[in-house]
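Residue-level listing of the chains:
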Amino acid sequence: MFEIKVPATSANMGPGLDTLGVAFKLYNRFIVEEIETGFEIFGCDEKFRNSDNLVYKLMLKTFEKLGIVPKGVRLTFKTDLPVMGGLGSSATCILAGITAANMLCGDVLTKQEVLNFACVIEGHPDNVTPALVGGMTASIMNEGVTHYNKIPISGGIKFCALIPKFQLSTEDSRAVLPQTIPFKDGVYNVGMVSMLIAALVNGDYKGIKLACNDKLHQPYRTSLIENYSDITSFVQDSEALGVYLSGAGPTIMVMLKKDDNNTLEKLKKFLKCLSGNWEILNLEIDEEGIQIRGLTPGDIW
Ligand code: HSE
């Protein structure tokens with residue numbers, strides 16, 4: 001019996017579509033127990049308690065990849081991430097499923113193999129990589145292999161997630177993206193993403209806000225999120241360091257100077273005036289990534 005704890009992640013970070021991501025100390029936890037036969041699932045919505053469950057599906061795929069006959073399993077979910085919220089909930093399920101099966105098979109996959117497999121399933125590496133290795137990462141997929149580098153963000157920056165009550169599926173949010181873009185928009189994003197990484201590493205507070213702009217996804221997704229333009233305009237006019245759509249949305253991420261409680265208070269007041277029941281969550285960066293610990297039946301988790 002063991003627990004798999006996977007951090008929330010915020011992908012894209014503005015111009016870094018499908019490439020940049022950062023892990024936070026907000027977790028989905030999955031308790032895995034081997035049982036004689038069958039499949040039992042607890043701790044999640046009725047609609048996820050069946051063999052279509054993403055964690056379970058990934059366990060089966062992993063057993064198949066490893067050439068091992070599936071074992072009986074009981075899964076118990078303890079989840080703190082919003083589902084379809086833009087904080088990497090599906091990446092946590094994919095990684096948990098692969099890791100659960102891998103552990104039950106004697107931990108035969110390397111971390112790199114888990115990463116490659118998870119990214120191929122997810123289709124892009126920007127949530128999976130930081131969820132696996134922690135911190136902020138830049139990652140790319142090339143011929144089935146995911147390559148990544150950690151990006152050491154300057155310590156003076158804090159992240160606040162603005163989370164509405166509604167959900168937005170990645171599928172719907174990707175459906176509005178264009179098939180082609182003008183050459184100048186590609187060049188624009190190369191500039192922005194380069195500046196963003198440099199500004200975050202160097203603690204160049206003034207450079208972050210401009211560098212959160214992009215022309216690949218945020219402008220196309222705006223119409224899917226009620227209040228998006230009001231919120232981002234408010235933040236852009238404030239003392240906040242930057243604002244971007246977290247992953248495929250609908251969560252909006254705001255970056256602030258660590259000691260800037262004044263802007264945070266103003267933002268709270270502003271959100272109260274809007275529909276959508278926006279909640280603010282202060283998030284600290286998780287530097288560790290996925291964690292696995294053995295449990296005995298008496299353990300508290
Ligand atoms: N990079 C992905 C997107 C993140 O923006 O669609 C969501 O899975």
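Treat the numbers as computed from the prediction; the structure is a model and nothing was measured. (Residues numbered from 1 in each chain as written. Predicted model: local features only at pLDDT ≥ 70, side-chain atom pairs only at ≥ 80, totals over all residues. Heavy atoms only, no water.)

(A) Quick peek at the site of the ligand. Around the ligand sit Asn 12, Leu 17, Asp 18, His 124, Asp 126, Asn 127, Thr 170, Arg 174, Arg 221, Gly 247 and Ala 248, and that is every residue in its neighbourhood. The contact in question runs from a nitrogen atom of the ligand to an N or O atom on the side chain of Asp 18, over 2.5 Å. Between the ligand and Asp 126 there is a distance of 2.6 Å, counted from a nitrogen atom to a side-chain nitrogen or oxygen. Among the residues making up the shell around the ligand, the classes are represented as two nonpolar, five polar and four charged. (Near = heavy atom within 4 Å. Polar contact = N/O pair within 3.5 Å; in protein donor to acceptor, adjacent residues only side chain to side chain. Nonpolar A, V, L, I, M, F, W, Y, C, P; charged D, E, K, R; others polar.)

(B) Just the packing of helix α1 (residues 54-65) against helix α2 (residues 89-104), in detail. Orientation of α1 relative to α2, taken along the N-to-C sense of each, is 40°, at an axis distance of 7 Å. Classed by the angle they form, the pair α1 and α2 counts as oblique. The element α1 and its partner α2 pack so that their crossing is right-handed. Here α1 contributes Leu 54, Val 55, Leu 58, Met 59, Thr 62 and Phe 63 to the contact with α2, which in turn contributes Ser 90, Cys 93, Ile 94, Ala 96, Gly 97, Ile 98, Ala 100, Ala 101, Asn 102 and Leu 104. For the contact of α1 with α2, the class distribution of residues is 12 nonpolar, four polar and no charged. (Axes fitted to C-alpha atoms, helices over the stretch in contact; angles between N-to-C directions. Helix = DSSP H or I, 4+ residues; strand = E, 2+ residues; numbered from the N terminus. Parallel < 35°, antiparallel > 145°, perpendicular 65-115°, else oblique. Left-handed = near helix turned anticlockwise from the far one by under 90°. Contact = heavy atoms within 4.5 Å.)

(C) Structural detail: the pattern of salt bridges. This model, assessed by the stated rule, comprises nine salt bridges. Between Arg 174 and Asp 18 there is a salt bridge whose closest N-O contact spans 2.8 Å. Of the two residues, Arg 174 is situated in helix α5 (residues 170-175) and Asp 18 in the loop between β1 (2-11) and β2 (20-35); the sequence distance between them amounts to 156 residues. A cluster of three or more residues bridged by salt bridges with shared partners is formed by Glu 3, Arg 29 and Arg 293. (Salt bridge = Lys/Arg side-chain N within 4 Å of Asp/Glu carboxyl O.)

(D) Expanded view of the nonpolar core. Ranked by internal contacts, the top residues of the largest apolar core, which has 36 residues, are Ile 4, Phe 30, Val 32, Met 59, Leu 75, Leu 95 and Ile 98. Counting residues per element, this core draws most heavily on α2, which supplies nine residues. (Core = buried A, V, L, I, M, F, W, Y, C linked by side-chain atoms within 4.5 Å. Buried < 20%, exposed > 50% of the residue type's maximum accessible area, 1.4 Å probe, protein only.)

(E) How the structure looks around the domain arrangement of the chain. Examined at the domain level, the chain breaks down into domain 1 (2-151 + 286-299) and domain 2 (157-283). Computed from C-alpha coordinates alone, the two centres of domain 1 and domain 2 are separated by 25 Å. In this complex, domain 1 contributes 22 residues to the contact, which on the side of domain 2 involves 33 residues. Across the domain 1/domain 2 interface, buried area totals approximately 2,000 Å², and carbon plus sulfur atoms make up 68% of it. There are one salt bridge connecting domain 1 and domain 2. Across the contact surface, domain 1 and domain 2 share 12 residue pairs in polar contact (both at pLDDT 80 or more). Sorting the residues of the side of domain 1 that touches domain 2 by element identifies β1 and β2 as the ones contributing at least two each. With four residues, β2 is the largest single contributor of residues to the side of domain 1 that touches domain 2. (Domains from an automatic or database assignment. Buried area = accessible area lost by both parts, 1.4 Å probe.)

(F) Focus on the sheet that holds strand β10 (residues 279-283). In spatial order, the strands read β8-β9-β7-β10; together these four strands make up an open sheet with antiparallel pairing. Each edge of the open sheet is held by one strand with a lone partner, namely β8 (242-245) and β10. Pairwise comparison of adjacent strand axes, ignoring direction, gives a mean angle of 25° for this sheet. The pairing of β8 with strand β9 (residues 252-257) spans four bridges and is antiparallel. Each bridged residue has a counterpart across the sheet, and for Tyr 244 the counterpart in β9 is Met 253. (Pairing = 2+ DSSP bridges.)

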